[in-house]
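Working through the structure, step by step
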Amino acid sequence: MIRFDKVNKWYGRYHALVDVSETIGQGEVVVVCGPSGSGKSTLIRTVNRLEPIASGTITLAGEDIHRRGIDLNQFRSRIGFVFQQFNLFPHLSVLDNCTLAPIALRGVAPAQARESALALLDRVGLAHKARAWPAELSGGQQQRVAIARALAMQPPVMLFDEPTSALDPEMVGEVLLVMRDLVRDGMTLVVVTHEMGFAREVAHRVLFMDEGRVLERAEPHEFFNRPQHPRAQKFLADIRTPFAPAG
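Residues numbered from 1 in each chain as written. Predicted model: local features only at pLDDT ≥ 70, side-chain atom pairs only at ≥ 80, totals over all residues. Heavy atoms only, no water.

1. Concerning the packing of aromatic side chains
Taken as a whole and assessed by the stated rule, the structure comprises four aromatic pairs. Measuring from centroid to centroid gives 4.6 Å for Phe81 and Phe83, while their planes differ by 40°, and the two rings are tilted. Since its relative accessible area comes to 9%, Phe81 is described here as buried. Residues Phe208 and Phe223 carry aromatic rings whose centres are separated by 6.2 Å and whose planes lie at 35° to one another, so their mutual orientation is tilted. (Phe/Tyr/Trp six-rings, centres within 6.5 Å; stacked < 30°, edge-to-face > 60°. Buried < 20%, exposed > 50% of the residue type's maximum accessible area, 1.4 Å probe, protein only.)

Below you can see the structure in the form of structure tokens.
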């Protein structure tokens, strides 16, 4: 479904992605983890052209997505992207947030778009909030609406960029529950997250990144129990070591 071939990206002199080559299969759930600044979010943002690349190729279902002349709106309509900060349109109701893109970009009839959006909102447990404004929702509810909005375009791939990091702890579970449902449906998911429990339970593979490189790729059982790379070993050890306050 997605193939990275020797992808490089710089921010000025900072080498953010270093010769990344990776393949993600259709229906595969891949969790990308690593320390802050390792290139995780940059990597998935290159998949829907939110970030340009300096060299290499990225293909989606065989199509070179960084080629010149690509119709960006049409291309992005095929990729669901869920952001850290929800990014709902504050001036639109929950229902209108979910129908805007299907109507404007895919030409779906408004009545059909509303019917589909209500079904998706029901799926994420928020059909009763269809007429609410985003500001009236909790963070967890807003993120579930963001997932429904992305699904409204019927994308073959969903990308999640730290979808729970802006949430209060008690709201994290409700978002991860919706994501687990997508996994059961067989959707292709690429998830940047610090939720290692989610990675352990639902990922087919874990990619560990540091300093712009994929240093380790493994099934969750192998990654969490027998990490090979010293940086991955340190990363997991730091997560497992509880913080002891001074004094």
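Anyway, onward from the coordinates.
2. Details of the pattern of salt bridges
As a working rule, side chains carrying opposite charge can pair if their charged atoms are close by. Considering all chains together, one arrives at 14 salt bridges under this definition. Residues Asp238 and Lys234 are paired through a salt bridge, measuring 2.8 Å at the closest nitrogen-oxygen approach. With Asp238 and Lys234 both in helix α9 (residues 230–240), this residue pair falls four residues apart, about one helical turn. Here Lys234 falls in the partly exposed class, since its relative accessible area comes to 47%. Sharing partners across several salt bridges, the network here consists of Glu22, Glu28, Arg205 and Arg217. (Salt bridge = Lys/Arg side-chain N within 4 Å of Asp/Glu carboxyl O. Helix = DSSP H or I, 4+ residues; strand = E, 2+ residues; numbered from the N terminus.)

3. Looking at the sheet that holds strand β8 (residues 188–192)
Taken together, six strands build an open sheet; the order of strands is β6-β7-β8-β3-β9-β10 and the sheet is mixed. With one partner strand each, in any of the chains shown, β6 (79–82) and β10 (213–218) form the two edges of the open sheet. Sheet twist, expressed as the average angle between the axes of neighbouring strands with direction ignored, equals 15°. Two strands pair when backbone bridges link them, and β6 and strand β7 (residues 157–161) are joined in this way by four bridges, in the parallel orientation. In the sheet register, Val82 faces β7, and the bridge partner there is Phe160. Across the face of the sheet, helix α6 (residues 169–184) comes into contact with β3 (29–33), β7 and β8 while running at roughly 145° to β8. Lying over the sheet, α9 contacts β3, β9 (205–210) and β10, oriented at roughly 100° with respect to β9. (Pairing = 2+ DSSP bridges. Axes fitted to C-alpha atoms, helices over the stretch in contact; angles between N-to-C directions. Contact = heavy atoms within 4.5 Å.)

4. Remarks on the sheet that holds strand β4 (residues 55–60)
Taken in spatial order, the four strands line up as β2-β1-β4-β5 in an open sheet, and their pairing is antiparallel. Both outer strands of the open sheet, β2 (14–24) and β5 (63–64), are each paired with one neighbouring strand and no more. Relative to β4, strand β1 (residues 2–11) runs antiparallel, the two being bridged by five bridges. From the neighbouring strand, Asn8 faces β4, where its bridge partner is Ser55.

5. Comments concerning the layout of surface pockets
By volume, the largest pocket is sized at about 570 Å³. As for the largest pocket, its lining consists of 21 residues, of which Arg76, Ile79, Phe83, Ala101 and Arg149 are closest to the centre. Where the lining of the largest pocket is concerned, the elements lending two or more residues are α2 (72–76), β6, α3 (94–106) and α5 (139–151). Sort the elements by how many residues they give to the lining of the largest pocket and α3 lands first, with five residues. Tallied by class, residues from the lining of the largest pocket come to 13 nonpolar, six polar and two charged. (1 Å grid on protein atoms, 1.4 Å probe; cavity = no way out; pocket = protein on both sides within 12 Å on 5 of 7 lines; lining within 4 Å. Points joined across faces, edges and corners; volume = space filled by probe spheres on them. Nonpolar A, V, L, I, M, F, W, Y, C, P; charged D, E, K, R; others polar.)

6. A short note on the side chain of Gln142
Structurally, Gln142 is set in helix α5. Given a relative accessible area of 16%, Gln142 falls into the buried group. Setting aside residues up to four positions removed in sequence, Gln142 forms contacts with Phe86, Leu88, Pro134 and Leu137.

7. As for the packing of α3 against α5
Interaxial distance between α3 and α5 falls to 8 Å at its minimum, and their mutual angle equals 25°. Here α3 lies roughly parallel to α5, going by the angle between them. Here α3 and α5 pass one another in a crossing that is right-handed. In this structure, α3 uses Val94, Asn97 and Cys98 to contact α5, whose residues at the interface are Val145, Ala148 and Arg149. Of the residues belonging to the contact of α3 with α5, the class tally is four nonpolar, one polar and one charged. (Parallel < 35°, antiparallel > 145°, perpendicular 65-115°, else oblique. Left-handed = near helix turned anticlockwise from the far one by under 90°.)

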